[in-house]
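Residue-level structural notes
So you can see what is in the structure, the chains are spelled out below.
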Amino acid sequence: MTSGVEHPNASAAAPRLSLRGITKRYPGVVANSDVSLTVQPGEIHAVLGENGAGKSTLMKIIYGAVKPDEGQVLFNGQLSTIRNPQEARALGISMVFQHFSLFEVLTVAENVWLGLSKTLPLTEVTRQIRETAAAYGLDIDPDRPVHTLSVGEMQRVEIIRALLTHPQLLILDEPTSVLTPQAVEKLFVVLKKLAAEGCSILYISHKLHEIRELCTACTVLRGGKVTGVCNPQNESNASLSRLMIGAEPPALDLRPQAAGETVLTVRDLSLKRADPFGTDLLHIDLKVCAGEVVGIAGVSGNGQGELLRALSGEDPRAPSGTVWMAVSTHAHALVPASLRGKVHDLCGSSPAARRKMGLHFVPDERLGRGAVPQLGLAHNLLLTRRESVSGGIGWLKLGQLRGQAQGIIERFKVKAAGPDAAAKSLSGGNLQKFIVGREIEARPALLIVSQPTWGVDVGAAAQIRGEILKLRDAGCAVLVVSEELDELFDMSDRLHVMAKGKLSPSLNRADATVERIGEWMSGLWDPPQGAGPTMLKEAAHVQA
Amino acid sequence: MFKLEARPQPSPVWSYASPLLALVITVCIGVLLFVALGKDPVRGLQVFFWEPIKSGYALSELMVKATPLLIIALGLAVCFRSNVWNIGAEGQFVMGAVAAGGVALLADASSGPSIVVVVMLAGVLGGMAWAAVTALLRDRFNANEILVSLMLVYVAIQFLNFLVYGPWKDPMGFNFPQTKTFEAVTKIPRLMEGSRVNIGLLLALAGVGALWVYLFRTYSGFAQQVGGLAPAAALYAGFSSRKALWVALLTSGGAAGLAGALEVAGPIGQLTPYVPAGYGFAAIIVAFVGRLHPVGMVFSAILMSMFYIGGELAQSRLGLPKSITGVFQGLLLFTLLACDTLIAYRLTWKR
């Protein structure tokens, strides 16, 4: 199968896509300002930029989902007005979005069929899927229902769906954020093969090493403007980073430190899923000590969310004797004296009760879970902090509350209109700084953070990581769940990997390599007792 | 062509201006309606917007009707702010009236004036009990509270009918479906001679203050509203959604029941099949037009009360059907929902 069907009117020298002076304004913000970009046939072209740099808007303009205010789009040398995604597909432009649009209850073939001409029978679609899958090594069974697929497999479905339209230009939006390192390697092989056949690829990412490995051209965006065009293979991470954020991110300082007493203990925790598309937790064993950062790696959707809910108390079903928290005798003044110097079984205690013991949690969903979107920052403090509530009748001391919020805004350099600015008016990174600040200022004994820097720009991410490490140095036990391996390697003293509802044994950072963690992400870690037969036994045990 | 463009932030100006614009549009459509019906529109507007406020007595009647609307709406605001959709305030109003009426019927010449307090408490408990049925079904079986509370309205009305056509019928009442007139001692004390305004008005205004303090100055009021704004955030914070459900339904049921007690032991003075006057439903509109804000609801209650009185006057003065009240109430809610678009969007002119 060939992908690059040449446009009949195009001269051989015409670039596949060229954008000239694209400008797009939204109320209050200019998303793209005079952006120009040229993609040659068969080129893998990276679009690099931080969150909010205008990458997504630019791609939506190319794909016809957004109309530019100014500028021209030339496809194969021809001036094109792409009014909607249908027209884009007719021209030969396909896009794979970061968030999949698949119906969970339909099969792979049915999902692909939805986007194709209805004159094609389903059997023919199935045949085409098999053919394409074989040609590109995209291993997938067309008859499987989508809800049984892993995230990586779902992405393959999206890519096959895009390939069946025989694109001349394929746009991929952050395609590796949901993949294991091994799956990333596989994806790169497919993309290189496609490019060799003449299909141009626009690859959107903020991961520098991927871009340097895969792409032969790169356009860097910052604040909606092009700040550089280069060949990433001739650049270093540092030079790309300078183009992207105008500076190099400061290096983290993780000093070795002896871990203190155990704060959180999870013993053989198994929990049935609450949500039909969730994951069952299977025999989780975990320990977090004072003064250490424990990282949990793994592709999202392997039970991390379920584990975090069980630890935070949002899901109170964890059976008695599985989750324990030790409250030190030296706990700070806000912890009631009656709780000190004891190990508490957290079975059945609410998030508020756990917070009283010093367990604070930063969820990955910021708007709607970590913060109430419509309420001001000061009121959002009340979700987890009670210092400005006077005892008996629960009277709110609004002046003190605003002062407290202002303090966090200043200390963590949150860009906000003030303590009464609605949470939803903040950018993702600034809201995350506020939420992390809110939990850190509570001086927790145990801080659990999920995706600390997800969607946060590089500068803010470095600041958040630094603050979390400061807390660790002060003797707080920290548990970090993240999809970003680099981040976990930077921050953690010990690492676990989560796969299919199970947690791997712990690994000291010095012993951890990307390859090993990557293998473990597929659930293949050596069982502690030995190899082979034990593993089978364990699998049987799990199924029973 | 006009286009709607999302505002970067919701407009605070329009959140106040939208109800006013909705009122203006309602009036304009009302004028067209009067013209279409062959009535003098100026006379029609006079009946709705001038007659109810032109004299002291008219004003007092306006208050008489606004009081139950406001009391019910205050309770509903707690519900709606916590994302509990109690549509059955009418039923809770009726059951409050039944419970209060039952206590009032027990009174005789020997009862002391403190019986009034018992009558009102019975009303509150009656309304709470009826709302508790909804809360229980929602809590235990996850039944939809919109449907349950709405359906229970009709059960409550049938129960009232059963009583006034059956066991509680006044034996001296010439077989009319009504109870005997309550003893004078059970009557809700009036504020002044020559008007029907009673202490219910003071209770309503005290309720306004209490609700404001609860919603905006207490931790429990904050926790109650977080469940409505962002359920996942309430779960994360550890605010109990079950508690929020019960507080919301018991508060609004109690408020509606109190309004029912104040009606039957006040202006009506007996139980009849005409106790359900639609206050429970109209109060939903009062709550939303008043932006679920205690002070806003004072104004919207007065406005809705005007529509009630205007509708009655339109019947006698202009020969229009009484349903004109409902038409105006519906128009107001409809235009308000439309105007609220302007809070999040701005209208621009684009070629």
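Just so it is clear, the structure is predicted and the values come from calculations on it, not from any experiment.

Conventions adopted
- Residues numbered from 1 in each chain as written.
- Chains lettered and ligands numbered in written order.
- Predicted model: local features only at pLDDT ≥ 70, side-chain atom pairs only at ≥ 80, totals over all residues.
- Axes fitted to C-alpha atoms, helices over the stretch in contact; angles between N-to-C directions.
- Helix = DSSP H or I, 4+ residues; strand = E, 2+ residues; numbered from the N terminus.
- Left-handed = near helix turned anticlockwise from the far one by under 90°.
- Contact = placed C-beta atoms within 7 Å.
- Nonpolar A, V, L, I, M, F, W, Y, C, P; charged D, E, K, R; others polar.
- pLDDT = per-residue confidence, 0-100.
- Buried ≥ 20, exposed ≤ 12 C-beta atoms within 10 Å, placed from the backbone.
- Arc of directions from axis to C-beta.
- Pairing = 2+ DSSP bridges.

The next thing to look at is the packing of helix α4 (residues 89-106) of chain B against helix α5 (residues 115-141) of chain B. Residue and element names in this part refer to chain B. Close contact between α4 and α5 brings their axes to 7 Å; oriented N to C, the two are set at 140°. The handedness of the crossing between α4 and α5 comes out as right-handed. Each of G91, Q92, F93, M95, G96, A97, V98, A99, A100, G102, V103 and A104 in α4 lies in contact with α5, whose residues at this interface are V118, V119, M120, A122, G123, V124, L125, G126, G127, A129, W130 and A131. Residue composition of the contact of α4 with α5, grouped by class: 17 nonpolar, seven polar and no charged.

Between chain B and chain A, the residue contacts involve 19 residues of the former and 28 residues of the latter. For the side of chain B that touches chain A, the secondary structure elements donating two or more residues are β1 (2-6), α8 (219-229) and α9 (231-237) of chain B.

A few words now on the confidence of the model for chain A. Overall, the predicted model of chain A reaches an average pLDDT of 85, with 93% of residues at or above 70. The low-confidence segment residues 1-11 of chain A (pLDDT under 50) makes 23 contacts with residues lying over four places distant or belonging to another chain.

Right, let's talk about helix α2 (residues 41-49) of chain B for a bit. All names here are of chain B. What α2 keeps buried is the set G44, V47 and F48. Buried residues of α2 fall within an arc of 90° about the axis and therefore sit on the same side. Exposed residues pointing more than 90 degrees away from the buried face of α2 are listed as V42 and R43. Those residues of α2 that are buried are in contact with α1 (12-36) and α12 (294-318).

A few words on the sheet that holds strand β11 (residues 262-271) of chain A. Pairing between sheet strands relies on hydrogen bonds along the backbone, with the strands arranged either parallel or antiparallel. Residue and element names in this part refer to chain A. If you walk across this open sheet you meet the four strands as β12-β11-β14-β15, and the pairing is antiparallel. Of all the strands in the sheet, just β12 (281-289) and β15 (342-345) have a single pairing partner and so form its edges. Averaged over all neighbouring strand pairs, the angle between strand axes comes to 10°, with direction disregarded. Its contacts with the sheet place helix α9 (residues 304-312) against β11, β12 and β14 (323-327), and it is angled at close to 60° to β12.

This part is about the sheet that holds strand β3 (residues 44-48) of chain A. Residues and elements named next belong to chain A. Pairing within the open sheet is mixed, and its six strands lie in the order β6-β7-β8-β3-β9-β10. The sheet terminates laterally at β6 (93-96) and β10 (225-230), the two strands that pair on one side only. On average, each strand axis in the sheet is inclined to that of its neighbour by 20°, with strand direction left out of account. In this sheet, strand β7 (residues 169-173) lies alongside β6 in parallel orientation, the contact comprising four bridges. Considered in β7, the bridge of S94 is made with L170. Against the sheet, helix α8 (residues 237-245) makes contact with β3, β9 (217-222) and β10, and its axis sits at roughly 40° relative to β9, the strand it touches most.

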